[in-house]
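Fold and geometry: a report
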Amino acid sequence: MVESVVSSVVSGVVTRIGNLLLQEAIYLNGVRDNVQELQTELTLMQCFLKDADARQNESAIVKQSLAEMKDLAYDAEDVIATYALTVASRQGGGVQKALKRCCSILDEGISVHKVGSTIDSIKTRVSSLKQSFQDYGIISESIVQAGGPSSSNETREQRQTFSHLEDDPVGFDDNLNELVEFLLKEEEGIRVASICGMGGLGKTTLAKMVYHDQKVKQHFGRRAWVYISQQCQRRQVWEDILIGLSQMGKDEIRKLNEADIVDKLHHVQKERRCLVVLDDIWNDESWNNLRHAFPFKDTKSKILLTSRIQQVSRYVDPGGFLYELQPLNDATSLELLEKIVLSRRKDFVTKTYMEEFGKEIIGYCGGLPLAITTLGGLLATKQKREEWEDVLRHVKSHLYEEQNSRVMKVLGLSYNDLPWHLKPCFLYLGHFPEDFEIKTNELIRMWIAEGFISQNQHGGGREDAMEDVGDRYLRELVERCMVLVGERDRLGRISTSRMHDLMRDFCISKAQEENFLHITNILSMKHREEKIGKVRRLAIISESGDDACKGIKFNEYPYLRSLLHLLPNWDHQSYFKASCFKKFKLVRVLHLNNFKNHNRKLPKDIGCLIHLRYLSLAQCRVCNVPSSIGNLRCLETLDLRIHFYPSSISENVLGKMRLYLSKPRVPNVFMYMKQLKHLYLPGDYRVCGKLELGNLYHLQTLGNVQPKTIQIPAGFKFNRLRDLVVKTTERAQDDALNILVSICPHIYMLSLFGVIKKFPEAHQFSPNIAEMSLLCTSLEEDPMAILEKLPNLKSLRLVNKAFLGKSMVCSERGFPRLQSLYLWRIHELEELRVEEGAMSSLQRLKIGYCMVLRTIPDGLRFITTLKELEIEHLPKSFKDRLGKGGPDFYKVQHVPSLVFLDCDEEG
């Protein structure tokens, strides 16, 4: 069951060295034979690591040797890749000549002789380690001579997937009903409901069930959910609550001072029925920091909080409703275990194993849902009797301990059972702060940049297949109940994920044990030298508003491959010195959200990071992007969604120039970055000339592009582009927009932002489009006549004056695959007509702030697939017509979920 992350590291390095031999052969002249011999040595070593891993706890020598093996593998890849990239840059031209100035930083005197000697030295150390494993009895001479275990034993059976069951929990029905009943009461003065209990009991799960209950949604027109955790960030919490309860945007709220935020929170909670969920509040001090935002008089709004400590809930509201969550009984525990295990296979053999082993297994879980679900996710992958017996044997040997330690042991069993390729992916999640919503696309692209997902893991095929593999990896971690789903997109895909607090604690503990990851606020930097091996990954996480980078000596981390800078919000003060980047000569992932620099410029030495695959500057406050980023020839993901707010110049002086000056400048260097797959431009930007994008054959994502600012060669097509976000700033861009859309034949997601006079014709759009959003487009002609012809459109959003007309018509047989329709602030819309046979697959319809819309379409009564209809902030008369007994009720009486939000007043 035990395969440590060392196996994954060596396997990944072997694969990537093989790719270098194939793809960069011309740049490895003189050292190619050395590289091939080293690859062979590593391949042989890879075969024996599993046995060594299983015995690393028996001896410090073995543990030390495994750590050295991991570092040797990384060193081998670093020296070979650096040599190939530097030789390539010297033979190149244009902007890449600038790399010559960086060579002294990367590897002084990078001669063939020196590189060959370094590779030979690594080979010798690998052979020495292999001999030490033999001497210690970990591997036998016969296995060495045979070349290790057979490849058939290395191939792991491909597992099927099964439902995570997160939306169908077990054992909470009575709890749910009791909490909902309290929240719906109109009693004066009783305002707070609390769910208390130890970690792993399912407090957050129950709170989510309450939050999404249809009666609760109907009763509370405004709702907000915030995670508190041990490091309570008051302003961030207040901002998140106000975003949920008001109609204000993030940027608008960020400009407010704390007093104004509190006033607005008081106002909305008194004017509306609001529900605020404070998840995972740890102590009285956290509540004291937050309490000023919550009125306790003259309000019908309520608070639902979760906490591990009963005293906290009593302190918040001594007269409030306290629900103490209890462990599941044996019957419910067994029901939960069966539901998870049998969701994958309902064959006779699996049911037999459940009957034979199930009761004994749940007896060791203490009624904790987290322990039961994690064990269930583990057992769901087992198909043989001896595998079930093995799990039971490990459970017996580890779980006779206190409750929290029991859970940790269960989590350890699940981690040990992970296949080698999932272990580094799981440990990588330790980078992220507690209760952090991890964006799926960012996470998977970091995995790819680190080399956790390689080309040979999907056997070729589509260009984006590596991201499909990453998506499968994440789903497997979810299905094993080791990762929680945060949010899903409109088509049901995982868009964010997070970790249970106890699972995160385990993940970080394991990552430190493996010397996989260092976190600034968990492991003191002064103790780094006590750890085995070199620091390869560093997460900078702020616990307060202090400078998170203060005191970190970056020159002590020359081997970093990942640096993640994660701050709660843009108000935090965290600065990088201009000269720090050149110290990270091997870094592949640089995630710098909310990064600041004293002079608001991105340092030019970022162009020295020639190994960089992933660079995110989202929310960074810089004004210009240096042209040196054109040196980053390996870059695959570049996120330039930066912000710049000039503060040193008065409003009177800026005048009309303020808008232009606040736009960050983007250099015209993307033509040199031929490996780019995902490019996000700033929300608004300026550029000298036009951006030449004709070399970006691998581009899959292009965000915030202004059509008039780019130059595309005649006949060029973005054949791999799947996600396109277009921003138009003036009507003169219509022709450029139509051309851009027409040269993207395989787009899956398309967002158009800004005024459009002439909407593209249906034949100009890719037939593959599944999701489309129109925002502030101010279309004068009904776009439905064109959009309804798109054969694969599944999700459509029209938002904020997307259409200026009075009537929209969906024709018979139009929108054949549309599942979700969202109409928001279409202020002039009076009539939405849906003819019989239109939108035959529609499942979700949401209409909000369409104040002059007279009634719901009569054609909805023909759409039998419709499951959810949500009406927000429309006149009370509109709600009355649709309610039971109303004249329009017949149109929607077949819809299972009908929710009205903020429809209690005439508009």
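To be clear, the structure that these remarks concern was listed above.
Presented here is a report on the structure given in the accompanying data block. What you see as residue numbers is a count from 1 along each chain, following the sequence as written. Side-chain atom pairs in this predicted model are given and counted only at pLDDT of 80 or more, local residue features only at pLDDT of at least 70, and totals for whole chains, interfaces and linings cover all residues. The side-chain quantities take in all heavy atoms of the structure and omit both hydrogens and water.

1. Quick look at the packing of aromatic side chains
Classification of ring pairs rests on two measures: the distance between centres of Phe, Tyr or Trp rings, Trp counted by its six-membered ring, which must be within 6.5 Å, and the angle between planes, read as stacked under 30 degrees, edge-to-face over 60 and tilted in between. Summed over all chains, the structure comprises 19 aromatic pairs. Each ring, one from Trp225 and one from Tyr227, has its centre 6.1 Å from the other, and the planes form 65°; the classification is edge-to-face. An identical accessibility class is assigned to Trp225 and Tyr227; each is buried. Ring centres of Phe716 and Phe718 lie 5.0 Å apart, and the angle between their planes is 90°; this geometry places the pair in the edge-to-face category. The same class applies to Phe716 and to Phe718, which are both buried. Each member of the aromatic cluster is reached from another via a ring pair, and the members are Tyr211, Trp225 and Tyr227. Between buried and exposed lies partly exposed: a residue is buried under 20% and exposed over 50% of the maximum accessible area for its type, with that area taken using a 1.4 Å probe on protein chains only.

2. Details of the sheet that holds strand E6 (residues 438-439)
A pair of strands is treated as paired once DSSP finds two or more bridges between them. Numbering of helices and strands runs from the N terminus, with a helix taken as a DSSP run of H or I at least four residues long and a strand as a DSSP run of E at least two residues long. On the basis of which strands lie adjacent, the open sheet formed by three strands has the order E6-E8-E7 and antiparallel pairing. Whereas interior strands pair on both sides, the edge strands pair on one side only; in this sheet they are E6 and strand E7 (484-488). Note: E7 against strand E8 (residues 494-498), four bridges, orientation antiparallel. Bridge pairing links Leu484 to Arg498 in E8.

3. Looking at the pattern of salt bridges
Definition used for salt bridges: Asp or Glu carboxyl oxygen within 4 Å of a side-chain nitrogen of Lys or Arg. Applying the stated rule across the entire model yields 37 salt bridges. For Arg385, the salt bridge goes to Glu356, with nearest N and O atoms at 2.4 Å. With Arg385 in helix H19 (residues 385-398) and Glu356 in helix H17 (residues 348-362), this residue pair connects regions lying 29 residues apart in the sequence. Classification of Arg385 by relative accessible area gives partly exposed; the value is 34%. What makes Glu356 partly exposed here is its relative accessible area of 36%. The salt bridge partner of Glu872 is Lys846, with a shortest N-O separation of 3.7 Å.

4. Concerning the packing of helix H11 (residues 234-245) against helix H13 (residues 258-271)
Axes are the key here: two packed helices are described by the angle between their axes and the distance separating the axes. Simply put, an axis is a line fit to the C-alpha atoms, just over the touching stretch for a helix, and the angle between two N-to-C directions goes from 0 to 180 degrees. The interhelical angle for the contact between H11 and H13, taken along N-to-C directions, is 40°, at an axis separation of 10 Å. Between H11 and H13, the interaxial angle falls into the category oblique. The interaxial crossing formed by H11 with H13 has left-handed handedness. Packed against H11, whose contacting residues are Arg234, Arg235, Trp238, Glu239, Ile241, Leu242 and Leu245, the element H13 presents Glu258, Ile261, Val262, Lys264, Leu265, Val268 and Gln269 at the interface. Any angle between 65 and 115 degrees counts as roughly perpendicular, while under 35 counts as roughly parallel, over 145 as roughly antiparallel, and the rest as oblique. Should the near helix be turned anticlockwise from the far one by less than a right angle, the crossing is termed left-handed; should it be turned clockwise, right-handed. We call two residues contacting when some pair of their heavy atoms lies within 4.5 Å.

5. Re the sheet that holds strand E3 (residues 274-281)
In space, the five strands of this open sheet follow the order E2-E3-E4-E1-E5, with parallel pairing throughout. The open sheet terminates on both sides in strands that have one partner only, identified here as strand E2 (222-229) and strand E5 (321-324). Averaged over neighbouring strand pairs, the angle between their axes works out to 15° when direction is ignored. Sheet analysis places strand E1 (residues 192-196) next to strand E4 (residues 302-307), joined by five bridges and oriented parallel. By the bridge assignment, Ala193 is partnered in E4 with Leu304. Along the sheet face, helix H8 (residues 173-184) touches E1, E3, E4 and E5 and points at about 170° away from the line of E5. Against the sheet, H11 makes contact with E2 and E3, and its axis sits at roughly 160° relative to E2, the strand it touches most.

6. Thoughts on unusual backbone geometry
Phi is positive for Asn515, close to 55°, though the residue is something other than glycine. Among the structural elements, Asn515 can be located in the loop between helix H24 (501-513) and strand E9 (518-519). Its identity as a non-glycine residue notwithstanding, Arg813 has a phi of 70°, on the positive side. Residue position: Arg813 is located in the loop between strand E23 (807-810) and strand E24 (820-824). On the basis of relative accessible area, Arg813 is assigned to the exposed category, the value being 64%.

7. Let's talk about helix H22 (residues 440-450)
Structural remark: α-helix, 3.6 residues per turn; residues separated by three or four positions point the same way. Counting buried residues along H22, ten of its eleven residues qualify, which places the element largely inside the surrounding structure. Within H22, burial applies to Thr440, Glu442, Leu443, Ile444, Arg445, Met446, Trp447, Ile448, Ala449 and Glu450. One or two residues past the end of H22 sits Gly451, with phi positive at roughly 90°.

8. A short note on the side chain of Asp279
Tracing the backbone through its elements, the reader meets Asp279 in strand E3. Buried and without a salt bridge, Asp279 has Arg498 as its closest oppositely charged side chain, separated by 4.3 Å. A distance of 2.5 Å separates a polar atom in the side chain of Asp279 from a polar atom in the side chain of Thr306. Those residues in contact with Asp279, other than ones at most four positions away along the chain, are Thr204, Trp225, Val226, Tyr227, Ile228, Ser229, Thr306 and Arg498. We count Lys and Arg on the positive side and Asp and Glu on the negative side, and we leave His and both chain ends out. Under this definition, polar contacts are N or O atom pairs within 3.5 Å; protein pairs additionally need one hydrogen-donor-capable and one acceptor-capable atom, and for neighbouring residues in sequence, both atoms have to be side-chain atoms.

9. What about H13?
The end-to-end C-alpha distance of H13 is 20 Å, a good match for the 20 Å that 14 residues give at a rise of 1.5 Å each. Where H13 is buried, its residues meet E2, H11, helix H12 (250-254) and E3. Among the residues of H13, the N-terminal cap falls to Asn257, whose side-chain oxygen and the backbone nitrogen of Ala259 are separated by 3.2 Å. One fewer than the residue count of a helix, multiplied by 1.5 Å, yields its expected span.

10. Description of a negative patch on the surface
The grouping of Asp173, Asp174, Glu178, Glu181, Glu335, Glu338 and Glu355 at the surface amounts to a negative patch. Elements with a minimum of two residues in the negative patch: H8 and helix H16 (330-341). Ranked by the residues each element gives to the negative patch, the list is headed by H8, at four residues. Counting through the fold element by element, Asp174 comes out in helix H8. Patch membership requires more than 30% relative accessible area and the absence of a salt bridge. Residues of like charge join within 9 Å; the nonpolar side chains Val, Leu, Ile, Met, Phe, Trp and Tyr join within 5 Å. Here, Shrake-Rupley sampling with a 1.4 Å probe gives the accessible areas, and only protein chains in the shown set may cover a residue. Lysine's charge is taken at NZ, arginine's at CZ, aspartate's at CG and glutamate's at CD.

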